[in-house]
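Residues per chain, in single letters:
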Amino acid sequence: MGEWLYLVIGIGVLAVVAIVGLVATAGRRRGAPPVEAPEDRAGGLLAPERPVDERRPGDRDGDRDGEDVPAGGTGTLTEVPEGPVTIEEPPTPAPELDRPEGTQSRLVRLRQRLSRSQGGLGRGLLAILSRDRLDEDAWEDIEDTLLTADIGVAPTQQLVDNLRTRLRVEGGATDVRAVLREELVTLVDPTMDRTLKVSGADGKPGVVLVVGVNGAGKTTTVGKISRILVAQDRSVVLGAADTFRAAAVEQLATWGERVGVPVVRGPEGSDPASVGFEAVKQGIADCVDTVLVDTAGRLQNKAGLMDELGKVKRVIEKQAEVTEVLLVLDATTGQNGMVQARVFSEVVDVTGIVLTKLDGSAKGGIVVAVQRELGVPVKLVGLGEGPDDLAPFDAGAFVDALLG
Ligand SMILES: Nc1nc2c(ncn2[C@@H]2O[C@H](COP(=O)(O)OP(=O)(O)OP(=O)(O)O)[C@@H](O)[C@H]2O)c(=O)[nH]1
């Protein structure tokens, strides 16, 4: 029994000694002074110490005591690795690309917007046509409403004549709205080919040249078209041939970056034709589907414009056919826009019109006027400053938006 007592006391003493020892060691660790930053012997070039948890693999702890200065001691202080050390840089994250809006949701959204901006025209016409008596005053009101919406004199006359005849012949039971819709659709001309020619022949890219006066929305339109094409899985190169204005080149570069489309650019003031040429050259080399070329639209005189745009087109066509020449017109400029349209169409063979800023004006009638004037279809309409605010033009949908 006495032996057992001695054994138990001995074990107890050993346990107490062990516990005291452990507590003392922990206390020393806790109280250890922080690792001092090594003295900067390199005259302020010392890189700041990174917190331990930010160190990369390969960094070693505990030996940064200022003794690791390379012999020469002239640069920043670095550790001398004992063996080959690979410092893995975190992979540079790829820039996040925009996902352009798909066709269906874009169309629904933009048709509603078109309705909001242009609905007044249709509603105004319907209100007059629904009067009990359509006297001369009523027909004059109809004419005024159409002229205010920039439809133009001749188309207005044609529409009024057709409506008068039909309503007289078809009598009181006629669905006025249906007659008006039919006549407006005829005026906008649903038979015109509005497809955008963005594909080339013989394995070459389609080339779309975008022209128009400054501020009409050319650069924005080029950016928006590129997004539509990207959404359709087509490959694109942009040519920033508006070398007159450095900001336009930057603007286009940003549009390209957002959807991962390369932008060919030249120095400010360089020859727009050479930028167009290089863009198409790159498009051919990369086997892309479409090259979109933005141009400068200085209208200081027709001869200068003709020289510049004519040369851009000629030079590009040494490599590939220009499949589409889009004239961008600002819908808010009314008759002024029509004058510009005429000048451009005399200078280059315009194959399609883009009417921008239809969201900001109730002058949708310009669609009819400009098509009549140039004999060229409106192919796209701009309905806002958002990146996906561009819609293909469709005569029926346009008239439906007018009628609300
Ligand atoms: N509300 C509205 N604004 C538009 C539309 N299209 C373009 N804009 C705006 O119009 C302004 C001029 O557009 P740009 O694309 O720079 O015009 P540009 O013709 O290229 O002009 P330059 O670069 O000077 O040749 C910008 O503020 C655009 O955001 C549109 O459909 N609706």
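Taking an unreviewed UniProt entry as the reference, the protein is identified by name as Signal recognition particle receptor FtsY belonging to Nocardioides zeae. One UniProt comment on the protein, placed under Sequence similarities (unreviewed entry), says "Belongs to the GTP-binding SRP family. FtsY subfamily." The Subunit (unreviewed entry) comment attached to the protein in UniProt states, word for word, "Part of the signal recognition particle protein translocation system, which is composed of SRP and FtsY."

A. Expanded view of unusual backbone geometry. Unlike most non-glycine residues, Asp 150 shows phi in positive territory, near 65°. Tracing the sequence through the fold places Asp 150 in the loop between helix H3 (136–148) and helix H4 (153–170). The phi dihedral of Lys 357 is positive, around 60°, even though this residue is not glycine. For Lys 357, the location among the structural elements is in the loop between strand E6 (352–356) and helix H11 (366–374). With relative accessibility at 32%, the residue Lys 357 sits in the partly exposed group.

B. Spatial organisation of empty space enclosed by the protein. Following the criterion strictly, the structure yields two cavities of 30 Å³ or more and no others. Within the residue set of the lining of the largest cavity, elements represented by two or more residues are helix H2 (103–129), strand E8 (390–392) and helix H12 (395–403). Ranked by residue count, the leading element in the lining of the largest cavity is H2, at four residues. For the lining of the largest cavity, the per-class residue count stands at ten nonpolar, no polar and two charged. Estimated volume of the second largest cavity: approximately 50 Å³. Taken together, Leu 121, Ile 151, Leu 184, Val 188, Gly 364, Gly 365, Val 368, Phe 398, Val 399 and Leu 402 form the lining of the second largest cavity.

C. View of the pairing of strand E7 (residues 378–382). Counting buried positions over the five residues of E7 gives five, a clear majority of the element. Here E6 pairs with E7 via three bridges, running parallel. In the strand pairing of E7, Leu 355 is matched with Val 381. In terms of handedness, the path from E6 via H11 over to E7 forms a crossover that is right-handed. The pairing of E7 with E8 spans three bridges and is antiparallel. Its bridge partner lying in E8, Val 381 is registered against Ala 391.

So, how was this worked out
Residues numbered from 1 in each chain as written. Predicted model: local features only at pLDDT ≥ 70, side-chain atom pairs only at ≥ 80, totals over all residues. Heavy atoms only, no water. UniProt positions renumbered as here; feature names shortened; annotations may be inferred. Helix = DSSP H or I, 4+ residues; strand = E, 2+ residues; numbered from the N terminus. Buried < 20%, exposed > 50% of the residue type's maximum accessible area, 1.4 Å probe, protein only. 1 Å grid on protein atoms, 1.4 Å probe; cavity = no way out; pocket = protein on both sides within 12 Å on 5 of 7 lines; lining within 4 Å. Points joined across faces, edges and corners; volume = space filled by probe spheres on them. Nonpolar A, V, L, I, M, F, W, Y, C, P; charged D, E, K, R; others polar. Pairing = 2+ DSSP bridges. Right-handed = clockwise from strand over helix to strand, strands pointing away.

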